[in-house]
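# Architecture and fold: a report
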Amino acid sequence: MQLRVVKNGIIIVNGDAESLPFSDNEFDVSFLLEIIEHVKNPFKVMQEAKRVSSKKIICTFPYFARTNIK
C-alpha cells in the first residue's frame, strides 16, 4: 500500500479494491464511482466496501451491461 498526502490534507491510497487496507467500519460512507465494470470480482469489491463502511455505499454504473454482475 502506498500513502501520499496531497494539498488540503487529502490522502490518496493506492491499493487493491478487493483487499482494502482499512479497519471494519472505518468510514461512514464508501463511494464506488464507475469502477465495478472494470474489476474481475465485483462482488468481492462490494463486500470490501460493505466491510469498511458503517452506514452507506454509493455506487455508480455507467455501463451496467459491461459488469460481471449477472
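To be clear, the structure that these remarks concern was listed above.
One structure accompanies this document, and this report is about it. (Residues numbered from 1 in each chain as written. Predicted model: local features only at pLDDT ≥ 70, side-chain atom pairs only at ≥ 80, totals over all residues. Heavy atoms only, no water.)

Attention shifts here to the nonpolar core. As a rule of thumb, nonpolar side chains are buried together in soluble globular proteins. In this structure, Leu32, Ile36, Val39, Val45 and Ala49 together form the largest nonpolar core, which totals five residues. If we skip the residues at most four places from it in the chain, Val45 touches Ala17, Glu18, Leu32, Ile35, Ile36 and Val39. (Core = buried A, V, L, I, M, F, W, Y, C linked by side-chain atoms within 4.5 Å. Buried < 20%, exposed > 50% of the residue type's maximum accessible area, 1.4 Å probe, protein only. Contact = heavy atoms within 4.5 Å.)

Next up on the list: the packing of aromatic side chains. Counted under the stated rule, the structure contains one aromatic pair. Judged by centre distance (4.9 Å) and plane angle (80 degrees), the ring pair of Phe22 and Phe27 falls under edge-to-face. For Phe22, a relative accessible area of 23% puts it in the partly exposed group. (Phe/Tyr/Trp six-rings, centres within 6.5 Å; stacked < 30°, edge-to-face > 60°.)

Looking at the secondary structure, you find Ser30 in strand E3 (residues 27–33). Setting aside residues no more than four positions away along its own chain, Ser30 makes contact with Ala49, Val52, Ser53, Lys56, Ile57 and Ile58. (Helix = DSSP H or I, 4+ residues; strand = E, 2+ residues; numbered from the N terminus.)

Two strands pair when backbone bridges link them, and E3 and strand E4 (residues 53–60) are joined in this way by six bridges, in the parallel orientation. Paired with Phe27 across the bridge in E4 is Ser53. The β-α-β motif built from E3, the intervening helix H1 (residues 42–52) and the parallel element E4 has right-handed crossover chirality. (Pairing = 2+ DSSP bridges. Right-handed = clockwise from strand over helix to strand, strands pointing away.)

On the surface, Phe31, Leu33 and Ile58 cluster together into a nonpolar patch covering about 290 Å² of accessible area. Secondary-structure assignment places Leu33 in strand E3. Owing to a relative accessible area of 49%, Leu33 belongs among the partly exposed residues under this scheme. (Patch = residues over 30% accessible without salt bridge, like charges linked within 9 Å, V, L, I, M, F, W, Y side chains within 5 Å. Areas by Shrake-Rupley, 256 points an atom, 1.4 Å probe, with all protein chains shown as cover. Salt bridge = Lys/Arg side-chain N within 4 Å of Asp/Glu carboxyl O.)

Summed over all chains, the structure comprises three salt bridges. Linking Asp24 and Arg51 is a salt bridge whose minimum nitrogen-to-oxygen distance equals 2.9 Å. Here Arg51 lies in helix H1 and Asp24 lies in the loop between strand E2 (11–14) and E3, a separation of 27 residues in the sequence. Connected through salt bridges with shared partners, the residues Asp24, Lys44, Glu48 and Arg51 form a single ionic network.

The residue Asn25 is not glycine, and still its phi comes out positive at about 55 degrees. Non-glycine residue Glu34 carries a positive phi angle of around 55 degrees. Structurally, the position occupied by Glu34 is in the loop between E3 and H1. Overall, the relative accessible area of 43% leaves Glu34 in the partly exposed class.

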